[in-house]
Amino acid sequence: MGKSIEDYVKNLVRDLMCDEKERLEIEEEFLDHLYMLKEEYKMEGFSETVAIEKAIESFGKESKIRKGMQGSLVPFYKFVHFSIWCLFLWYTYVLLSELLIKRILTDLSNIPLGDGHSNFMPYLRSDISIFDKYVFSLNTNFIPFKNISHYILNHNNFNLDVVLYNTIGQVLAFLPFGIFISLLFKQLKLLKKLQIIVVATSTIEISQYILKAGQFDVDDIILYTMGGLVGILLCNLASQFLFSMGKLKAKLQYE
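Residues numbered from 1 in each chain as written. Predicted model: local features only at pLDDT ≥ 70, side-chain atom pairs only at ≥ 80, totals over all residues. Heavy atoms only, no water.

Considerations on unusual backbone geometry
Unlike most non-glycine residues, F145 shows phi in positive territory, near 70°. Relative to the elements of secondary structure, F145 occurs in the loop between β1 (140–141) and α6 (146–153). For F145, a relative accessible area of 47% translates into the label partly exposed. With a phi angle near 60°, K212 is a residue other than glycine that sits in the positive phi range. For K212, the location among the structural elements is in the loop between α9 (190–210) and β2 (216–217). Taking the relative accessible area as the measure of exposure, K212 reaches 18% and is therefore buried. (Helix = DSSP H or I, 4+ residues; strand = E, 2+ residues; numbered from the N terminus. Buried < 20%, exposed > 50% of the residue type's maximum accessible area, 1.4 Å probe, protein only.)

Here it is as structure tokens:
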């Protein structure tokens, strides 16, 4: 009986000098690639057993791959992983600055000048009670696509930059978030990644309302999530493209 894909991959990552989390991420990535190769060979008419053998054969010898992986892991892999985390933290800081921190500081800076009005709620900050029913109804939207459709259907009543900012701009703002989630948490399935995005966007929207830095809008959550999803899909497409190019290069080398 031939070697299974799972056994082959476990032998590949068995002696890698990295922590358990990194080893599991690499193992899962290898498994995904090999399963794709197996399905391609099956589509060409090969049996399950032969498809597995050909997938393993085209992937390469264990010792050669393990040596190459170890050389890239230390220190290159850790350096790249660390760099991605730094970029993600910087992106998060910029995002929170634009959506929360700057708004709060802007309002607070107006108080010593005698202007206590909120720039993001139609009241004096001191008069705003987030628990007031009227304030709550005026500054929250729980109806999906209500404001999105309002900006699109009534675009003639707004400047173009306002329409773009409140639609496409919201999507683009969270596109990098999806990319970072895909790069940093490769082991997570698509649904789990989307759950992280929904929780993050919901937290921002709720914080905006509680901190009097903006209104709660379910449409923002929808647009932010769409942006994150686009980022995830782009990252997956890029990964598939690079894998296909690597496979083509390897095939040309053996011919």
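As for helix α1 (residues 5–13)
The complete set of buried residues in α1 reads I5, Y8, V9, L12 and V13. Buried residues of α1, viewed axially, fall in a sector of 120°; they line one side. (Arc of directions from axis to C-beta.)

A word on the packing of helix α8 (residues 168–184) against α9
For the pair α8 and α9, interaxial distance at closest approach is 10 Å and the crossing angle is 140°. With respect to their mutual orientation, α8 and α9 come out oblique. With respect to the hand of their crossing, α8 and α9 are arranged in right-handed fashion. Taken together, the residues of α9 that come into contact with α8 (itself represented by F174, F177, G178, I181 and S182) are K193, I196, I197, A200, T201 and I204. (Axes fitted to C-alpha atoms, helices over the stretch in contact; angles between N-to-C directions. Parallel < 35°, antiparallel > 145°, perpendicular 65-115°, else oblique. Left-handed = near helix turned anticlockwise from the far one by under 90°. Contact = heavy atoms within 4.5 Å.)

Points about the packing of aromatic side chains
Within the structure shown, the criterion is met by twelve aromatic pairs. Note on Y91 and F180: the rings are 5.8 Å apart at their centroids and 40° apart in plane angle, and the pair reads as tilted. Residue Y91 is located in helix α4 (residues 62–110), and its partner F180 is located in helix α8; the two are separated by 89 residues in the primary sequence. For the residue pair Y91 and F180, the accessibility class agrees, reading buried in each case. With a centroid separation of 5.9 Å and an interplanar angle of 85°, the aromatic rings of F136 and Y209 are classed as edge-to-face. Linking F136 in helix α5 (residues 133–138) with Y209 in helix α9, this pair joins segments that are 73 residues apart in sequence. Cluster of aromatic residues (ring-pair linked, three or more members): W85, F88, Y91, F174, F177, F180, F185 and Y224. (Phe/Tyr/Trp six-rings, centres within 6.5 Å; stacked < 30°, edge-to-face > 60°.)

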